[in-house]
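# Examining the three-dimensional arrangement
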Number of protein chains: 2
Amino acid sequence: MKIAVIGTGNVGSVLGRRWAQNGHEVAYGVPNPNDESISILLKSMGPNVRAASVKDAFQFGDVIVLAIPWKAAENILSSGVELKGKILVDCINPIKEGLKGLDVGLETSAAEKLAAWAKEASVVKAFNSVGSEVMANAVVASQAATLFICGDDLRAKKTVSKLGLDLGFEVCDCGPLTTARYLEPLGMLLTLLVVKEGLGSRIAIKLLKDKQGF
Amino acid sequence: MKIAVIGTGNVGSVLGRRWAQNGHEVAYGVPNPNDESISILLKSMGPNVRAASVKDAFQFGDVIVLAIPWKAAENILSSGVELKGKILVDCINPIKEGLKGLDVGLETSAAEKLAAWAKEASVVKAFNSVGSEVMANAVVASQAATLFICGDDLRAKKTVSKLGLDLGFEVCDCGPLTTARYLEPLGMLLTLLVVKEGLGSRIAIKLLKDKQGF
């Protein structure tokens, strides 16, 4: 397959390198194809990889992989590059500087609204990203599913965590209550997979962690 | 532990039943504690479970589990129930009727904006919910991580799916491009776990599926 990768950061370099190893032809679209550091990087990826201008890379690829910062995306797509019939792979998370949130998206969450209505209580987001048939039996495909929780009160989270362990879940503390802005969409995603994509109600998410991650 | 469960739907009934089996005391807060169908349901859960008014259940529980529809939440919390020092467990996904989206949250996504700027191309959301060190080696904790993708063009998704398989991922088609509204927050969540919660960069999501789900 002819693949254009736009972006030579962590994501772009790994994807292009690995696809090239699999025998795909990869062109990196870069501002200056003759740049020396780019040449060195791409040479390390072997004969299936070349540098090109952004315009030429779009021309070349059947698949265009966008591995660029969100703020650069509109300019590139509006610069007259060839788009007709191309497959654009969008790897972008439109994350604001300093991880302050998504630039396109949620400004609040149900959990934070609850906390505003119940100021005297400690709100913990939990059990919203697993279906009831998984709560009934948290072992799915012979593995314990992960329960994602978040909240601002550590003691409250410890308590809720214990309640999750009681049901056989592994528990992942996702930080402050604002993280509910991302756990709520996760609940939505699982719901869509069950209801719209026909995966059945015995699906669940497991967080995999390599040992060297600890 | 004393647990009040508000809501006797799928989620509320499973949680209360299972915690009661674990020896916790559970009170269900319901509009009418003497309702016959409620009595029958709760009796099936054994001696650790009782019915109560919503007000009494809030009084009783150290932990209050909200397993109610989003639209009912504000009224209940504003009705003068005891909240001081309580742990509120928010299981709610504020999902609109007909699964049309989240009532609190995203009205669009980066992927949909890209599609508007690149009308002649097929946009597929992919590779946004796995970090680059997982793209480099998709086997995490001895298991293949799941790659979530979505888009409106089936052929384009098939192509991108193949590219994910090439990297050793399992691939999960999450439906139309609008699902990027939920995949983008998933990317944000994973990023927070790596960066803010210190889980390291070798974490990934796996979708577990029981065989009976197919």
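Residues numbered from 1 in each chain as written. Chains lettered and ligands numbered in written order. Predicted model: local features only at pLDDT ≥ 70, side-chain atom pairs only at ≥ 80, totals over all residues.

### A look at the overall build of chain A
For clarity, the cut-off: Secondary structure elements follow DSSP: runs of H or I of four or more residues count as helices, runs of E of two or more count as strands, with numbering from the N terminus. We compute the radius of gyration from the C-alpha atoms alone; for a globule the expected value is 2.2 Å times N to the 0.38, where N is the number of residues. In this scheme the burial state of a residue depends on its C-beta neighbours within 10 Å: 20 or more other such atoms mean buried, 12 or fewer mean exposed, and anything in between means partly exposed; the C-beta positions come from the backbone. A pair of residues counts as a contact when their C-beta atoms, built from backbone coordinates, are within 7 Å of each other.
A tally of regular secondary structure across chain A gives eight helices and eleven strands. Scaling as 2.2 N^0.38, a compact globule of 214 residues should have a C-alpha radius of gyration of about 17 Å, whereas chain A reaches 22 Å, well beyond that. Seen through its principal axes, chain A has C-alpha atoms that stretch 60 × 40 × 35 Å. Burial statistics for chain A: of 214 residues in total, 54% are counted as buried. Long-range pairs, those at least 24 residues apart, make up 63% of the contacts in chain A between residues at least 6 apart in sequence.

### A closer look at the relation of the copies chain B and chain A
Quick note on the threshold: Copies are brought into register by a least-squares superposition over C-alpha atoms of residues with pLDDT of at least 70 in both.
By a simple turn and slide, chain B fits onto chain A: the slide is 0.0 Å along the axis, the RMSD is 0.1 Å, and the turn is 180°. Taken together, the rotation and translation describe the operation of a two-fold axis.

### Observations concerning the confidence of the model for chain A
Note the following rule: Scored from 0 to 100, pLDDT records how confident the predictor is in each individual residue.
Mean pLDDT over chain A stands at 85; residues scoring 70 or higher make up 93%. In the predicted assembly, ipTM is 0.78 and pTM is 0.76.

### Quick notes on the environment of Gly164(A)
All names here are of chain A. For Gly164, the location among the structural elements is in helix α7 (residues 154–166). In this structure, the C-alpha to C-alpha distance between Gly164 and Leu147, residues 17 residues apart in sequence, is 7.0 Å. In this view, Gly164 contacts Ala126, Leu147, Ile149, Phe169 and Val171; residues no more than four positions away in its chain are not counted.

### Quick look at the sheet that holds strand β9 (residues 146–151) of chain B
The strands making up a sheet are joined through hydrogen bonds of the backbone, oriented either antiparallel or parallel. To be explicit about the condition: Here a strand pair is declared whenever DSSP counts at least two bridges between the two strands. To get an axis, fit a line to the C-alpha atoms, keeping to the stretch in contact for a helix; angles then go from 0 to 180 degrees between the N-to-C directions.
The sheet built from eight strands is open, its strands ordered β3(A)-β2(A)-β1(A)-β4(A)-β5(A)-β6(B)-β9(B)-β10(B) with mixed pairing. Edge positions in the sheet fall to β3 (49–53) of chain A together with β10 (170–173) of chain B, since each has one partner strand and no second. Averaged over neighbouring strand pairs, the angle between their axes works out to 25° when direction is ignored. Pairing of strand β5 (residues 87–90) of chain A with strand β6 (residues 122–125) of chain B involves four bridges; the strand directions are parallel.

### Re the nonpolar core
Under the convention used in this document: Here a nonpolar core is just a set of buried residues of the types Ala, Val, Leu, Ile, Met, Phe, Trp, Tyr and Cys, joined wherever their C-beta atoms sit within 7 Å.
In terms of nonpolar packing, the biggest core is built from 154 residues, with Val65(A), Leu66(A), Val89(A), Val65(B), Leu66(B) and Val89(B) touching the most fellow members. When sequence neighbours within four positions are dropped, the list of residues in contact with Leu66(A) reads Ile6(A), Gly7(A), Ala73(A), Leu88(A), Val89(A), Asp90(A), Cys91(A) and Ile92(A).

### A closer look at helix α8 (residues 180–195) of chain A
This is how it is decided: One less than the number of residues in a helix, times 1.5 Å, gives the span that helix is expected to have.
For α8(A), which comprises 16 residues, the first-to-last C-alpha distance of 22 Å matches the rise-based estimate of 22 Å (1.5 Å per residue) to within 8%. Judged by how many residues are buried, α8(A) sits mostly within the fold: 13 of 16 residues are covered.

### Here we look at helix α1 (residues 10–21) of chain B
All names here are of chain B. The end-to-end C-alpha distance of α1, which contains twelve residues, comes to 17 Å, matching closely the 16 Å that a straight helix rising 1.5 Å per residue would cover. The element α1 is extensively covered by neighbouring structure, given that ten of its twelve residues are classed as buried. All of the buried residues along α1 are Val11, Gly12, Ser13, Val14, Leu15, Gly16, Arg17, Arg18, Trp19 and Ala20. Gly23 sits one or two positions beyond α1 and adopts a positive phi of about 95°.

### Focus: the pairing of strand β11 (residues 203–209) of chain B
Of all seven residues making up β11(B), six are buried, and the element is well covered by its neighbours. Note that strand β11 (residues 203–209) of chain A and β11(B) share seven bridges and pair antiparallel. Directly across from Leu207(A), in β11(B), lies its bridge partner Ile205(B).

### So, unusual backbone geometry
Comment: phi is negative for the bulk of residues other than glycine, and the bulk of peptide bonds are trans. Phi at Phe127(A) takes a positive value of approximately 60°, unusual for a residue other than glycine. Tracing the chain through its elements places Phe127(A) in the loop between β6 (122–125) and α6 (132–136). Among the residues examined, Phe127(A) registers 29 C-beta atoms within 10 Å and is labelled buried. Residues other than glycine seldom take positive phi values, yet Ala141(B) does so here, at roughly 50°. Secondary-structure assignment places Ala141(B) in the loop between β7 (139–140) and β8 (143–144).

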